[in-house]
Every structure is written in structure tokens, then in C-alpha cells.
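Each chain, letter by letter, is given below.
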Amino acid sequence: MSAPDWTKRQLMAEFVATSTFVWAGCGAAVASNRWTEGAAIFDPGALVSISLAFGITISVLAYGIGHLSGGHINPAVTFSFMVLKLQSIKAGLLYMLAQFSGAFLGALILWGCSSSLTAFCYNERPDVANDGSVLSGVCKASALPDGSGYGPAFGLGVNQVGPRVTSASAFLIECMGTYLLVFTVLHAAVHSKSTAGNAAPIAIGWSVLVAHLVLIPFTGCGINPARSFGPMIVDTIGGLGHIVWIRGWWVFYTAPFVGAGFAAATYKFLFEEKDEVAASKKDDDLEVGGVEKAPEVPQTYEEGAKNSGEAGETDTAVPQVYE
């Protein structure tokens, strides 16, 4: 019987990190909306601030849990590890379950944090505030379709296909954004000749930042099915299902996996080193007393070597994304 390549601690790390990621990234999307008439966010300042929030948060969390679970924080990244056989199917599915669950909790917490933004909408006229000034755009942007109340503020930054963007274009651009992210993960953190070292999370965070700079006007930038899932479910609970389950919603649960699959294939067939292939084959053939033994993978971030620059080994057996 093969030794398991996952632990409860690793699943909890993915759960907590994905929850925090959704809270921080989508929280920046809510905070960057204009709390004035129209609530439009498509200006350079908002675009850059949201992109920075998502990119920096990924880097911070990757450093935070990289030594525990590898810091996938994204089902698409986990999927690429499954495709490359760096992680078992069972472990990958458990990681995804933890990530989706964490994203839901993160969106729920964000709803609680921002609920006061709509608390005074009931006392305001539909066009003017009590002092005669223009109403905050949050009331209009968060109103329930039947006019009975208000849902989560600004939809919690939920992903949507833009009105001028076809579903096909949205699918392709989400594929490309995810491809960029997973390509960076595999080459900065997994490739045997990567020179990134402990700076890999910075490179990965930059790839997320760049993807958001390009994709936000088109789709709000998903590239992470868990990030899309959390706000969508909480918005539905809050009565804003009419802005969630609309044209192109399926893009956010298909395109990232397709993009990750292409990135994994590119890595496998074009860039993987021969020594990595040989090591993988040796691990597959490894048996002890007729029982397969899961290979132990050297991990960085040993407690005593965190700030020394020296790589140490831990007892975990899951390949780490951010070594």
C-alpha cells in the first residue's frame, strides 16, 4: 500500500490560505469600487490596485504556507501537479476540496466585513442622500432585483464576463491567464534547474499581477476556480444570483483547468529535464518488501534554516510548489 502524500495539516494550510486570499483579493476589488454614483471601477488606479492586491497576497501566502503544503492556493495549480504525477489524484482532489471550502469562507467573511456599506441604503432616496449629495454607488450596485433590499456590497468582486466580451473570448483569455500562472509555477518552483530559489513566490505573485492587469476589464480575472466559486456562492445566498449565474459563468470553472493542462503539457514535453524524468521513473518503480513506498521529496523552509539560505529536509512527502 502506498504511503499517503497528504496530511491534515497540509489540507488546513490550503484551506486557510485560500480563505485569506479570497478575503484580501476580493476585498481589494470591493474597496477599489467607487462609493459614488455609478460605482465604476474601470480606471487605471483601480485596475492597478486590485492587481497588486491579488499578486502580493499570493506571494505573501506562498511564503507563509509553502513549507506546509506547497502553497497551491488554486485548484488549477493542483490540477497541473496531478497531470504531471507530482501529486496523487486523491491528494489533488482533497487539496481542491480544501481550496473551494476556504474560498467560500473567505467570501463569507468579506461579506461580514463589508455589510455596513449597504446598511444605510434603506434610509436613502434612490437618487440623492439626505444631505443632497449623490448616493453612494454601492446601493445601486448591490440592490436586489425585486427592490426588497441589498445583497453583498458590489457582489464581493464576483467574476463576470464583460458585456462586450463573447464567451469564446472570455474562455481564451482565462486560459492564457492561467497558462501564464502555471507556466511560472512550474519553471520557477518545480524545474530542477530553476534559479528562483526562495524568490519563487515573488515571480509567481508577479504572474498573478500581470494576469489581472490584462484580464480584469474582460472577466474580472478568474484564473482560479476557487476564487470565482467563493463570491458566486455567497452572492447567491445574499440574493444576487441574478449577477452570478449569467452568460459565461461556466468559463471560470473550465478555462483555468484547460490552461493549466496546456502549461503542464508544455513543461512535460518541451522543458522537463531528463534527470527529472529518470527520477520520476525510479520513484514509480520503488518498492520495499513488495509494497510501494511513496518517495519523500526534499522540502525547504526547515525551521532552523529559514533565514540561513540553506535548504533542509522535512518529513512531508508532497512536492512543494514554492521551494
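Rules used throughout
- Residues numbered from 1 in each chain as written.
- Predicted model: local features only at pLDDT ≥ 70, side-chain atom pairs only at ≥ 80, totals over all residues.
- Heavy atoms only, no water.
- Axes fitted to C-alpha atoms, helices over the stretch in contact; angles between N-to-C directions.
- Helix = DSSP H or I, 4+ residues; strand = E, 2+ residues; numbered from the N terminus.
- Parallel < 35°, antiparallel > 145°, perpendicular 65-115°, else oblique.
- Contact = heavy atoms within 4.5 Å.
- Nonpolar A, V, L, I, M, F, W, Y, C, P; charged D, E, K, R; others polar.
- Phe/Tyr/Trp six-rings, centres within 6.5 Å; stacked < 30°, edge-to-face > 60°.
- Buried < 20%, exposed > 50% of the residue type's maximum accessible area, 1.4 Å probe, protein only.
- Core = buried A, V, L, I, M, F, W, Y, C linked by side-chain atoms within 4.5 Å.
- Polar contact = N/O pair within 3.5 Å; in protein donor to acceptor, adjacent residues only side chain to side chain.

(A) Structural context of the packing of helix α3 (residues 75–83) against helix α4 (residues 89–114). The N-to-C vectors of α3 and α4 enclose an angle of 180 degrees; their axes lie 9 Å apart at closest approach. Accordingly, the angle class assigned to the pair α3 and α4 is roughly antiparallel. Residue-level contacts link P75, T78, F79 and M82 of α3 to I89, G92, L93, Y95, M96, Q99 and F100 of α4. Class assignment of the residues belonging to the contact of α3 with α4 gives a composition of 8 nonpolar, 3 polar and no charged.

(B) Highlighting the packing of aromatic side chains. Per the counting criterion, the structure on display carries 8 aromatic pairs. Judged by centre distance (6.0 Å) and plane angle (35 degrees), the ring pair of F171 and W250 falls under tilted. Taken together, the positions of F171 in helix α6 (residues 167–190) and W250 in the loop between α8 (225–237) and α9 (255–271) put the pair 79 residues apart, joining distant regions of the chain. For W250, a relative accessible area of 36% translates into the label partly exposed.

(C) Looking closely at the nonpolar core. Formed by 49 residues in total, the largest nonpolar core has its most connected members in I73, L181 and L186. No other element matches α6, which puts 8 residues into this core. Residues contacting L186, with those up to four places away along its chain left out, are S80, F81, L84, H191, A263, A264 and Y267.

(D) Structural view of α3. Along α3, 7 of the 9 residues are buried, which leaves the element largely enclosed by surrounding structure. P75, A76, V77, T78, S80, F81 and M82 are the residues of α3 that are buried. Structurally, α3 contributes buried residues whose contacts are with α4, α6, α8 and α9. The backbone nitrogen of A76 lies 2.8 Å from a side-chain oxygen of the residue at the head of α3, namely N74. Where α3 ends, the next residue or the one after it, K85, has phi of about 60 degrees, a positive value.

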